[in-house]
Amino acid sequence: MHSAAITGTGVFTPDQSISNAELVTAFNAYADRQNAANAAAIAAGEAAPIPHSSSDFIEEASGIRSRYVMDKSGVLDPDRLFPRLPPRADDAPSLMAEMALDASRQALDTAGVDAGDVDAVICAASNHERAYPAIAVEIQNLLGAGGFAFDMNVACSSATFGILTATDMIRAGTIRRALVVNPEICSAHLEWRDRDCHFIFGDVCTAVLIERDEGLQAPHFKIKSTRAATQFSNNIRNNDGFLRRTRDQMEDRRDMQFMQEGRKVFKEVLPLVSRHIADHMAQEGLTGDDLRRLWLHQANRGMNDYIGKKVLGRTPTPQEQPNILQDYANTSSAGSIIAFAQHSGDLAPGETGLICSFGAGYSVGSVLVQRA
Ligand code: CO8
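Residues numbered from 1 in each chain as written. Predicted model: local features only at pLDDT ≥ 70, side-chain atom pairs only at ≥ 80, totals over all residues. Heavy atoms only, no water.

Draft legend 1. Main features of the nonpolar core. Within the largest apolar cluster, 43 residues are counted, with the highest numbers of intra-cluster contacts made by Val273, Ile277, Leu291, Ile307, Val311, Cys356 and Phe358. Those elements that provide at least two residues to this core are α1 (20–37), α8 (262–283), β11 (291–296), α9 (301–312), β12 (352–359) and β13 (363–371). In terms of residues, this core owes the most to one element, α8, which gives 7 residues. For isoleucine 277, the residues in contact, after removing those within four places along its chain, are Leu296, Ile307, Val311, Leu354 and Cys356. The next biggest cluster of nonpolar side chains, apart from the first, holds 34 residues, and it includes Ile6, Val154, Ala178 and Ala339. (Core = buried A, V, L, I, M, F, W, Y, C linked by side-chain atoms within 4.5 Å. Buried < 20%, exposed > 50% of the residue type's maximum accessible area, 1.4 Å probe, protein only. Helix = DSSP H or I, 4+ residues; strand = E, 2+ residues; numbered from the N terminus. Contact = heavy atoms within 4.5 Å.)

Structure follows, in structure tokens:
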């Protein structure tokens, strides 16, 4: 049995960002226009007015201050409130592949590895731009990587489940190197016209290079162990899919975008994740004092504060549990990997940390790493 290590990471960050103030101004203009258009029905009590959103609520409830997006103009247009992403010809790179190339090249450059020496590309994300051919195969082709490639989707846990899959293939000797890439265009699946969730998501792409841990010279992270768990829930759901036409549901329906019962998610996911991490650490003979860092899924500051405290047995310092959601918002599977990529370089050899994601499914994935 071989061992595996993370030798490189990459983060593609879009060049456009939206502050809470900009977002709320656009949403409130949309609400005013809708309310004016429906004034008679509202006055007759036949329709409810759309209430205004508020920057203070958003930061207080979530910790999010800003988010990056692939297209800002469409999201901030009160007559639209979703991105404009023009169609591309079949022989042009897909948007997800383009984002993935940038992040993958960063990961390969950090590790000093040629794309041709990669044996597997896993494109693990919450949404895929098309059904087939797999985005991963396109990324493999554009990079010039070898071996094979496939797409996978476990919503917010796609990255950690992808790392688990790649690690197991390296351990078994099936492959020597894998790229796990997470292009998340959440802005295209978010309902920006829904006040309860319009602030939650942003766009980004992360990449992680995983190699057989044999003769590695540069600093890296040994993957000590991985764990994954799922438990079915409808509290985070998107009903879009290939049967849509057969159901005569091609109209602009709310449930074709991201839907959630945020409060229920909060209440149900916290115990699931806390128990999952506690079990993983106990199986490894570790306590909170043995962990130098927690790189958690980035959905909500309150959730992370709760989990960090449960795991470490005390309120974690920002160094022990770094958050990036204030700048990136929830980027689905990429969140914990952004935190890891941006806040891991200072760990000393021998120090241990845990990457943990959680979200729709429900799903939870954890990766225990040690600096070498
Ligand atoms: N401005 C002002 N007031 C607001 C706003 C707003 N924008 N939104 C809601 N309110 C009001 C509500 O109407 C409510 O008013 P009232 O008390 O009068 O009814 C009050 O504020 C409180 O509302 P909530 O109870 O909804 O507020 P919460 O404190 O629960 O905070 C959160 C809402 C932030 C959404 C919180 O519930 C949360 O973060 N929950 C966890 C969510 C989570 O982690 N989800 C994970 C989803 S991600 C995932 O799994 C990946 C899916 C795939 C990605 C798809 C990409 C699009």
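Draft legend 2. View of helix α6 (residues 135–143). Along α6, the positions that sit buried rather than exposed are Ile135, Ala136, Glu138, Ile139, Gln140 and Leu143. Where α6 is buried, its residues contact α5 (95–111), β4 (120–124), β5 (148–152) and β6 (177–185). A positive phi of about 80° marks glycine 144, the residue just after α6.

Draft legend 3. The arrangement of the sheet that holds strand β8 (residues 221–230) in detail. Here 9 strands make up an open sheet; going across it, the order is β5-β4-β6-β7-β1-β8-β13-β12-β11 and the pairing mixed. At either end of the open sheet lies a strand with only one pairing partner, and these are β5 and β11. The mean angle between the axes of side-by-side strands here comes to 25°, regardless of whether they run parallel or antiparallel. In the sheet, β4 pairs with β6 via 4 bridges, with the strands oriented parallel. Its bridge partner being in β6, cysteine 123 is matched across the sheet by valine 181. In the packing of α8 onto the sheet, contacts are made with β8, β11, β12 and β13, and the angle to β13 comes to roughly 35°. (Pairing = 2+ DSSP bridges. Axes fitted to C-alpha atoms, helices over the stretch in contact; angles between N-to-C directions.)

Draft legend 4. Expanded view of the site of the ligand. Lining the immediate surroundings of the ligand are 29 residues, of which Cys156, Arg195, Arg263, Asn300 and Ala360 lie closest. In the model, a nitrogen atom of the ligand is placed 2.9 Å from a nitrogen or oxygen of the serine 53 side chain. Between glutamine 260 and the ligand, the recorded distance is 2.9 Å, taken from a side-chain N or O atom to a nitrogen atom. Contact with the protein chains removes 76% of the 1200 Å² of surface that the ligand exposes when unbound. Breaking the shell around the ligand down by element, the ones donating at least two residues are α3 (55–62) and α8. When residues in the shell around the ligand are grouped by element, the largest group, 4 residues, is from α8. (Near = heavy atom within 4 Å. Polar contact = N/O pair within 3.5 Å; in protein donor to acceptor, adjacent residues only side chain to side chain. Areas by Shrake-Rupley, 256 points an atom, 1.4 Å probe, with all protein chains shown as cover.)

Draft legend 5. Region of interest: the layout of surface pockets. Approximately 320 Å³ is the volume found for the second largest pocket. Listed by contribution, the elements that provide at least two residues to the lining of the second largest pocket are β1 (4–12), α5 and α11 (335–342). Looking at the lining of the second largest pocket element by element, the count peaks at 4 residues for β1. Per-class residue counts for the lining of the second largest pocket are 9 nonpolar, 8 polar and 3 charged. (1 Å grid on protein atoms, 1.4 Å probe; cavity = no way out; pocket = protein on both sides within 12 Å on 5 of 7 lines; lining within 4 Å. Points joined across faces, edges and corners; volume = space filled by probe spheres on them. Nonpolar A, V, L, I, M, F, W, Y, C, P; charged D, E, K, R; others polar.)

Draft legend 6. Representation of unusual backbone geometry in the model. For the bond running from tyrosine 132 to proline 133, omega is -5°, close enough to zero to count as cis. Its place among the elements puts proline 133 in the loop between β4 and α6. Geometrically, the link from glycine 361 to tyrosine 362 is a cis peptide bond, its omega value of -5° lying close to zero. Structurally, tyrosine 362 is set in the loop between β12 and β13. The backbone phi angle of alanine 329 is positive, close to 60°, even though this residue is not glycine. Position of alanine 329 relative to the elements: it lies in the loop between α10 (325–328) and α11. Judged by relative accessible area, alanine 329 falls into the buried class, the value being 0%. Look at serine 332: it is not a glycine, yet its phi comes out positive at around 55°. Relative to the helices and strands, serine 332 is located in the loop between α10 and α11. Residue serine 332 is classed as buried on the basis of its relative accessible area, which comes to 4%.

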